[in-house]
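# Fold and contact review
Single-letter residue listing:
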Amino acid sequence: QVQLVESGGGLVQPGGSLRLSCAASGVIVSINGMGWYRQAPGKERELVATITSGGYTNYADSVQGRFTISRVNAKNTVYLQMNSLKPEDTAVYYCKIYLPGFTQWGQGTQVTVSS
């Protein structure tokens, strides 16, 4: 069984930065990709960024140029570096892992951007 542990969320002022981490543990022999999603109160969960096993990345238009997704394969860990944060970035952020024939979500970490 695979578990995802998220960390790095918190309260930050507009213009500040946060780095989210998501570490997968368990029996893992291959990862097709990992990603970050977010859900603001009263809204649907939306894609933030994804990265494939080949290193291809994509980003939501709203975060492109400010956020960077990366991974350390040896640690089965994905990161989301968030710079120039805006109040509209406030949401619960969820990581997701894509395994062969299987996907799993993390439990979420709160990011609040406010003065």
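Residues numbered from 1 in each chain as written. Predicted model: local features only at pLDDT ≥ 70, side-chain atom pairs only at ≥ 80, totals over all residues. Heavy atoms only, no water.

## Notes on the overall build of the protein chain
In terms of regular secondary structure, the protein chain is built from zero helices and 11 strands. The C-alpha radius of gyration computed for the protein chain amounts to 14 Å, which stays within 12% of the reference 13 Å derived for 115 residues, consistent with globular compactness. Each of the three principal axes of the protein chain carries a C-alpha extent, and together these read 45 × 25 × 25 Å. Taking all 115 residues of the protein chain together, the buried fraction comes to 42%. (Helix = DSSP H or I, 4+ residues; strand = E, 2+ residues; numbered from the N terminus. Rg over C-alpha atoms; globule rule 2.2 N^0.38 Å. Buried < 20%, exposed > 50% of the residue type's maximum accessible area, 1.4 Å probe, protein only.)

## Things to note about the sheet that holds strand β7 (residues 67-72)
With antiparallel pairing, four strands are arranged side by side in an open sheet as β1-β3-β8-β7. Bordering the open sheet on either side are β1 (3-7) and β7, each of which pairs with just one other strand. Shown here is a sheet whose adjacent strand axes are inclined to one another by a mean of 15°, direction ignored. Bridge analysis of β1 against strand β3 (residues 18-25) gives five bridges, and the strand direction is antiparallel. In the strand pairing of β3, L4 is matched with A24. (Pairing = 2+ DSSP bridges. Axes fitted to C-alpha atoms, helices over the stretch in contact; angles between N-to-C directions.)

## Observations regarding the pattern of salt bridges
For the structure on display, the rule yields three salt bridges. One salt bridge in this structure joins D89 and R38, with 3.0 Å as the shortest N-O distance. You can see D89 sitting in the loop between β8 (77-82) and β9 (91-99) and its partner R38 sitting in strand β4 (residues 33-39), a full 51 residues away along the chain. Accessibility classification places D89 together with R38 in one group, the buried group. A salt bridge links D89 to R66; its shortest N-O distance comes to 2.8 Å. Placement of D89 in the loop between β8 and β9 and of R66 in the loop between β6 (57-59) and β7 is noted, with a sequence separation of 23 residues between them. Of the two residues examined, D89 and R66, each falls in the buried class. A network of salt bridges, in which partner residues are shared, links R38, E46, R66 and D89. (Salt bridge = Lys/Arg side-chain N within 4 Å of Asp/Glu carboxyl O.)

## Here's the deal with the pairing of β7
The pairing of β7 with β8 spans six bridges and is antiparallel. Across the sheet, residue S70 finds its bridge partner in β8, namely Y79. Connecting the antiparallel pair β7 and β8 is a turn made up of four residues, with N76 showing a positive phi of about 50°.

## Here's the deal with the packing of aromatic side chains
Two aromatic rings are characterised by how far apart their centres lie and by the angle between their planes. Enumeration according to the criterion identifies two aromatic pairs in this entry. Both rings, one in Y37 and one in W105, keep their centres 5.0 Å apart while their planes meet at 65°; by these two values the pair is edge-to-face. Here the residue Y37 occupies a position in strand β4, and W105 occupies one in strand β10 (residues 102-105), the gap between them amounting to 68 residues. Taken together, a centroid distance of 6.5 Å and an interplanar angle of 90° make the contact between Y94 and W105 edge-to-face. Of this pair, Y94 sits in strand β9 while W105 sits in strand β10; the two residues are 11 residues apart in sequence, bridging distant segments of the chain. Linked through ring pairs, Y37, Y94 and W105 together constitute an aromatic cluster. A cation over a ring is seen here: R19 above Y79, with NZ or CZ 3.9 Å from the ring centre. The residue whose ring lies beneath R45 is Y94, and the NZ or CZ to ring-centre distance is 3.7 Å. (Phe/Tyr/Trp six-rings, centres within 6.5 Å; stacked < 30°, edge-to-face > 60°. Lys NZ or Arg CZ within 6 Å of the ring centre and 35° of its normal.)

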